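Geometric and topological summary
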Amino acid sequence: ETEADDFIELCKSNEIIYGKAPLCFPEYLVYIIHANRPKLAVLTVNLDSVKQCRACRELTSLVTTASPAEQAQWSRHLIERLQIPSDDAPRVCILDSGCIRHPILSPLIQDGVRLCADDKKSGVDEDGHGTSMAGIAAYGNLNHEMMNAIGAVQPHPIESCRIFGLADNDRLHGEVTLRAVSLVEITSPEAPRVFCMAITSQHQTKVLGHPTSWSAALDSSASMYGEESNDGRLFIVSAGNWTDHL
């Protein structure tokens, strides 16, 4: 009788639902089970062969493919459990395509910090990418927060400045980005923040990782070269891909 047989028999005797097709690795079998805490304890106490127990990840599609009414209901439940960050909480500034005031983001967007690096254009997101990035930055695994109906939700405060689509024959990507950083910091110079830039230029894929004026501008800003302060800035920058571009 194998350890797997012992596991299955114990599941059956304790009415623990288990998947019939485990993942097979050289040293382990991975089963999906449905059990509460007491039943998990039965397994771990009675079987030395149980090495780890981890929560399964829900598919994000459960939320994204739900009806508008269901999404609105999940959003309301999330907002009811929302713990608004304090004024001195570290902020995440999204340098992207802008941001809209979605119900679950609106309480987190700092006053007056939905900006655009072009004074003649709006910081409202017309592409959707910036708003999606804001959701990830604020909540992390939003699907988990939506599905979990217990406990307070503690998101990050969000700032946004649009840089997407602003570089052209007259403006460099680096100049646009530095302008965005300046605009955001003017609103709250002393606020702790991290900058998140998850957009890239399609043309940058041709330089095979070589430095560009854009990367040099980010390096200069991160090190605060030539500025009075030498604290530095933290930028989280995407590695890039083949299809998304400015």
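None of the values given here were measured: they were computed from a predicted structure.

1. Comments concerning the pairing of strand E7 (residues 158-162)
In terms of burial, E7 is largely enclosed, as 5 of its 5 residues are buried. On E7, burial covers both faces: Ile 158, Ser 160 and Arg 162 on one face and Glu 159 and Cys 161 on the other are all buried. Across 5 bridges, strand E5 (residues 91-96) lies against E7 in parallel orientation. Paired with Val 92 across the bridge in E7 is Ile 158. With 4 bridges connecting them, strand E6 (residues 109-116) and E7 associate as parallel partners. Each bridged residue has a counterpart across the sheet, and for Leu 115 the counterpart in E7 is Cys 161.

2. Some details on the pairing of E5
The buried fraction of E5 is high, at 6 of 6 residues. Residue alternation in E5 divides its side chains into two sets, Arg 91, Cys 93 and Leu 95 and Val 92, Ile 94 and Asp 96, and both sets are buried. The sheet contact formed by E5 and strand E8 (residues 193-197) spans 4 bridges and is parallel. Following the sheet pairing, Ile 94 is matched in E8 by Cys 196.

3. Some thoughts on unusual backbone geometry
Look at Glu 15: it is not a glycine, yet its phi comes out positive at around 55°. Mapped onto the elements, Glu 15 comes out in the loop between helix H1 (3-13) and strand E1 (17-18). Using a relative accessible area of 66% as the deciding quantity, one classes Glu 15 as exposed. Backbone geometry places Met 224, a non-glycine residue, at a positive phi of 55°. Looking at where Met 224 falls in the secondary structure, it is placed in the loop between helix H8 (213-223) and strand E9 (235-237). Here Met 224 falls in the buried class, since its relative accessible area comes to 11%.

Reading guide: rules and limits
- Each chain has its residues counted from 1, running along the sequence as written.
- Predicted model: local features are reported for residues with pLDDT of at least 70 only, side-chain atom pairs are reported and counted for 80 or more only, and whole-chain, interface and lining totals are derived from all residues.
- Values shown for side chains rest on all heavy atoms present in the structure; no hydrogens or waters enter the calculation.
- Under the scheme applied here, a residue whose accessible area is under 20% of the maximum for its type counts as buried, over 50% as exposed, and between as partly exposed, the area being computed with a 1.4 Å probe on protein chains only.
- Only DSSP runs of H or I with at least four residues qualify as helices, and only runs of E with at least two residues qualify as strands; both kinds are numbered from the N terminus onward.
- By the convention used here, strands pair only if DSSP detects at least 2 bridges between them.

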